[in-house]
Amino acid sequence: MASPSKNGNVKDSPSRSSSHPTDLVLPTQRVKMIMKSCPDVDMVPQETLHLITKCTELFIKYLVEETIRNAEDRTRVDYEALAQIVHTKDHLEFLRDTIPKKITWAEARKFMAENDNKFEGFH
């Protein structure tokens, strides 16, 4: 809640400081474009946009921290370490199609041969 300063002006308390767009890293217009790509979304209020953007940033931070915590090389995040986290943590199961485990070309050819060159179930 806003509190008056000594001169009577209302200023933001520290708990409200995160409501300013300057505390965001991701481009809000890009997030808005992604949100509006859903046919059920007509308009995106500014407060909602800020909240979704901030939540997305926090989720990305969580993914990076988990990946680094469990990676062999803790100095960087690479695709294999990220995919490993996604495929071992049950609560990240929704990302498994988006971030599949890497396979070699030989493994892909073998899989396709076993499945009549169809990609269904390929992950």
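Residues numbered from 1 in each chain as written. Predicted model: local features only at pLDDT ≥ 70, side-chain atom pairs only at ≥ 80, totals over all residues. Heavy atoms only, no water.

The number of helices and strands found in the chain is four helices and two strands. Element order for the chain, N to C, with α for helix and β for strand: β-β-α-α-α-α. Buried positions account for 20% of the 123 residues belonging to the chain. A separation of at least 24 residues holds for 27% of the contacts in the chain among residues at least 6 apart in sequence. For the chain, the computed accessible surface area is about 9,800 Å², with 56% contributed by carbon and sulfur atoms. (Helix = DSSP H or I, 4+ residues; strand = E, 2+ residues; numbered from the N terminus. Buried < 20%, exposed > 50% of the residue type's maximum accessible area, 1.4 Å probe, protein only. Contact = heavy atoms within 4.5 Å. Areas by Shrake-Rupley, 256 points an atom, 1.4 Å probe, with all protein chains shown as cover.)

Interaxial distance between helix α2 (residues 46-70) and helix α3 (residues 79-88) falls to 9 Å at its minimum, and their mutual angle equals 100°. By the angle class used here, α2 and α3 are roughly perpendicular. Contact residues: α2 offers Leu 63, Glu 66, Thr 67 and Asn 70, while α3 offers Ala 81, Leu 82 and Ile 85. Here the contact of α2 with α3 is built from residues that sort into four nonpolar, two polar and one charged. (Axes fitted to C-alpha atoms, helices over the stretch in contact; angles between N-to-C directions. Parallel < 35°, antiparallel > 145°, perpendicular 65-115°, else oblique. Nonpolar A, V, L, I, M, F, W, Y, C, P; charged D, E, K, R; others polar.)

Take the nonpolar core next. If you look at the biggest cluster of nonpolar residues, it comprises seven residues: Leu 63, Ala 83, Ile 85, Val 86, Leu 92, Leu 95 and Ile 99. When residues in this core are grouped by element, the largest group, three residues, is from α3. Not counting residues within four places of it along the chain, the set of residues in contact with Leu 92 comprises Phe 59, Tyr 62, Leu 63, Ile 85 and Val 86. (Core = buried A, V, L, I, M, F, W, Y, C linked by side-chain atoms within 4.5 Å.)

The subject of this paragraph is a nonpolar patch on the surface. A cluster of nonpolar side chains, Ile 60, Val 64 and Val 77, forms an exposed patch at the surface whose accessible area comes to about 200 Å². Relative to the assigned elements, Val 64 resides in helix α2. Exposure remark for Val 64: the relative accessible area of 33% places this residue in the partly exposed category. (Patch = residues over 30% accessible without salt bridge, like charges linked within 9 Å, V, L, I, M, F, W, Y side chains within 5 Å. Salt bridge = Lys/Arg side-chain N within 4 Å of Asp/Glu carboxyl O.)

The set of residues buried in helix α1 (residues 28-36) consists of Thr 28, Val 31 and Met 35. Viewed end-on, α1 has its buried residues packed into an arc of 60°, placing them on one side of the element. Turned more than 90 degrees off the buried face of α1, the exposed positions are Gln 29, Arg 30, Met 33 and Ile 34. Of the surrounding elements, those touching the buried residues of α1 are α2. (Arc of directions from axis to C-beta.)

Among the secondary structure elements, Glu 66 is positioned in helix α2. Assessed through its relative accessible area of 9%, Glu 66 is described here as buried. When sequence neighbours within four positions are dropped, the list of residues in contact with Glu 66 reads Ile 85 and Lys 89.

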